[in-house]
Amino acid sequence: MDITTPPRTRQEFEAALQALSAQYWDKHPFHSRLHDGALTEDEVRRWIANRWYYQKCLPQKDAAILANCPDIQVRRRWVERIRYQDGRDDTGSGGLEEWLALATAAGMKRAEVLDERLVLPGVRFATDAYVHFARVRPWTEAVAASLTELFAPELMRTRLTALREHYPWIHSSGHQYFDRRIEAASSDAAHALDLVLENCTTRERQDAALAALEFKCGLLWSMLDALDRAARAEG
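Residues numbered from 1 in each chain as written. Predicted model: local features only at pLDDT ≥ 70, side-chain atom pairs only at ≥ 80, totals over all residues. Heavy atoms only, no water.

*Asks:* Looking at this structure, I do not really get the overall build of the chain. What am I missing?
*Replies:* Within the chain, the secondary structure is distributed over 11 helices and 0 strands. In the chain, the succession of helices and strands from N to C terminus is α-α-α-α-α-α-α-α-α-α-α. Counting only C-alpha atoms and orienting by the principal axes, one finds that the chain spans roughly 55 × 40 × 30 Å. Looking at the 235 residues of the chain, the share that counts as buried comes to 50%. Considering only contacts in the chain between residues 6 or more positions apart, those separated by 24 or more positions represent 81%. Accessible surface, the chain as shown: approximately 11,100 Å² in total, 51% of it carbon and sulfur. (Helix = DSSP H or I, 4+ residues; strand = E, 2+ residues; numbered from the N terminus. Buried < 20%, exposed > 50% of the residue type's maximum accessible area, 1.4 Å probe, protein only. Contact = heavy atoms within 4.5 Å. Areas by Shrake-Rupley, 256 points an atom, 1.4 Å probe, with all protein chains shown as cover.)

Have a look at this one:
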């Protein structure tokens, strides 16, 4: 890259980040089948079990961002993401418990989710790569990678509608994760976007942030590829 290339304006940079929604996993064939009600019960349960592995690793990813970030104000706000997923106590609150409630509502036993017996190698590899990325890359890049949340709320609304309409065998007690996460994801994404726009003010940092978000989109897509391959192998 030519180091004399001027940085994008804030508006141009934000537009470039938003444009990566074209690579988001909402467009994956697996999600299309999920939202159309075309998945079997076994496929839905496998999706829940594999998504659990991703969910349970998010606090580790966020802890890595905290470890790499020298800004106390950023750390004070970012640590709330860990509290959101892990819960603040042992009363059963928190995103991880809500995801386990979805598994139970879908007829799964907690043990078969917690012991990760259904986690596919491709999903494990992609998730571990995301955590590793957050550990070894500058905190601003890891925050940029989290900006897939910009595109998540609409996907979760669609998914919640699909669960209610097409998968009535999943008890409504399992819908809480999406009911609560839609608003939280919007707030988290707005905060992360502000951090990236404020801290990535050189062309080099902007390009790195865009590459990080593209990398994350690719990882998410590869997780669904693994689930699709597993379904085809069974068929």
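More follows now that the structure is in view.
*Asks:* Help me out: how do you make sense of the pattern of salt bridges in this one?
*Replies:* Pairs may arise between side chains of opposite charge once their charged atoms sit close together. Throughout the structure, instances matching the rule amount to 22 salt bridges. Of the charged contacts in the structure, one is a salt bridge between D188 and R181, with a shortest N-O distance of 3.2 Å. For D188, a relative accessible area of 15% gives the class buried. Several salt bridges share partner residues, and in doing so they unite R81, E149, R181 and D188 into one network. (Salt bridge = Lys/Arg side-chain N within 4 Å of Asp/Glu carboxyl O.)

*Asks:* Mind showing me how you'd approach unusual backbone geometry here?
*Replies:* Among all residues except glycine, the phi angle is most often negative; among peptide bonds, the trans geometry is most common. Residues other than glycine seldom take positive phi values, yet E116 does so here, at roughly 60°. Counting through the fold element by element, E116 comes out in the loop between α6 (110-114) and α7 (121-136). Accessibility expressed as a relative area gives 14% for E116, which makes it buried.

*Asks:* Where do I start with the packing of helix α3 (residues 41-68) against helix α5 (residues 95-105) in this structure?
*Replies:* Helix-helix packing: each pair is described by the crossing angle between the helix axes and the interaxial distance. Their axes nearest at 10 Å, the elements α3 and α5 cross at an angle of 175°. Here α5 runs roughly antiparallel to α3, going by the angle between their axes. The residues of α5 that touch α3, namely those facing W47, I48, R51, W52, Q55, K56 and P59, are L96, W99, L100, L102 and A103. Within the contact of α3 with α5, the residues separate by chemical class into 9 nonpolar, 1 polar and 2 charged. (Axes fitted to C-alpha atoms, helices over the stretch in contact; angles between N-to-C directions. Parallel < 35°, antiparallel > 145°, perpendicular 65-115°, else oblique. Nonpolar A, V, L, I, M, F, W, Y, C, P; charged D, E, K, R; others polar.)

*Asks:* How should the packing of aromatic side chains be read in this particular structure?
*Replies:* Here a ring pair, both rings aromatic, is described through the centre-centre distance and the interplanar angle of the planes. Using the criterion set out here, one finds 10 aromatic pairs in the structure. Cation over ring: R81 sits above W78, and NZ or CZ is 3.8 Å from the ring centre. In this structure, R181 is placed above the aromatic ring of Y84, and the distance from its NZ or CZ to the ring centre is 4.8 Å. (Phe/Tyr/Trp six-rings, centres within 6.5 Å; stacked < 30°, edge-to-face > 60°. Lys NZ or Arg CZ within 6 Å of the ring centre and 35° of its normal.)

*Asks:* Is there a simple way to explain the packing of helix α9 (residues 152-166) against helix α10 (residues 176-199) in this structure?
*Replies:* Look at α9 against α10: their axes get within 9 Å of each other, and the N-to-C directions meet at 170°. Relative to α10, the element α9 lies roughly antiparallel. Touching P153, M156, R157, R159, L160, L163 and R164 of α9 are F178, D179, R181, I182, A185 and S186, all from α10. A class-by-class count of the residues in the contact of α9 with α10 yields 7 nonpolar, 1 polar and 5 charged.

*Asks:* What is the right way to read the nonpolar core from this model?
*Replies:* Note on soluble globular proteins: their nonpolar side chains tend to be buried together. Of all hydrophobic cores here, the largest spans 73 residues; its most connected members are L17, W47, I48, F178 and V196. When residues in this core are grouped by element, the largest group, 12 residues, is from helix α11 (residues 203-234). When near neighbours in sequence (up to four residues on either side) are disregarded, I48 contacts W99, L102, A103, A106 and M108. (Core = buried A, V, L, I, M, F, W, Y, C linked by side-chain atoms within 4.5 Å.)

*Asks:* It is not clear to me how empty space enclosed by the protein should be interpreted in this structure. Could you clarify?
*Replies:* Over the atoms, a rolled probe matching the size of one water molecule traces out where space is still vacant. In the structure shown here, the tally under the stated rule is 2 cavities of 30 Å³ or more. Contributing to the lining of the largest cavity are 25 residues, with R51, Y54, L58, E149 and R181 lying nearest its centre. Where the lining of the largest cavity is concerned, the elements lending two or more residues are α3, α4 (72-86), α9, α10 and α11. Ranked by the residues each element gives to the lining of the largest cavity, the list is headed by α3, at 6 residues. For the lining of the largest cavity, a count of residues per class yields 12 nonpolar, 4 polar and 9 charged. Size it by volume and the second largest cavity reaches roughly 70 Å³. Along its surface, the second largest cavity is lined by W25, W47, N50, R51, Y54, V123, M223, L224 and L227. Contributions of two or more residues to the lining of the second largest cavity are made by α3 and α11. The dominant element in the lining of the second largest cavity, judged by the number of residues it contributes, is α3, at 4 residues. Residue composition of the lining of the second largest cavity, grouped by class: 7 nonpolar, 1 polar and 1 charged. (1 Å grid on protein atoms, 1.4 Å probe; cavity = no way out; pocket = protein on both sides within 12 Å on 5 of 7 lines; lining within 4 Å. Points joined across faces, edges and corners; volume = space filled by probe spheres on them.)

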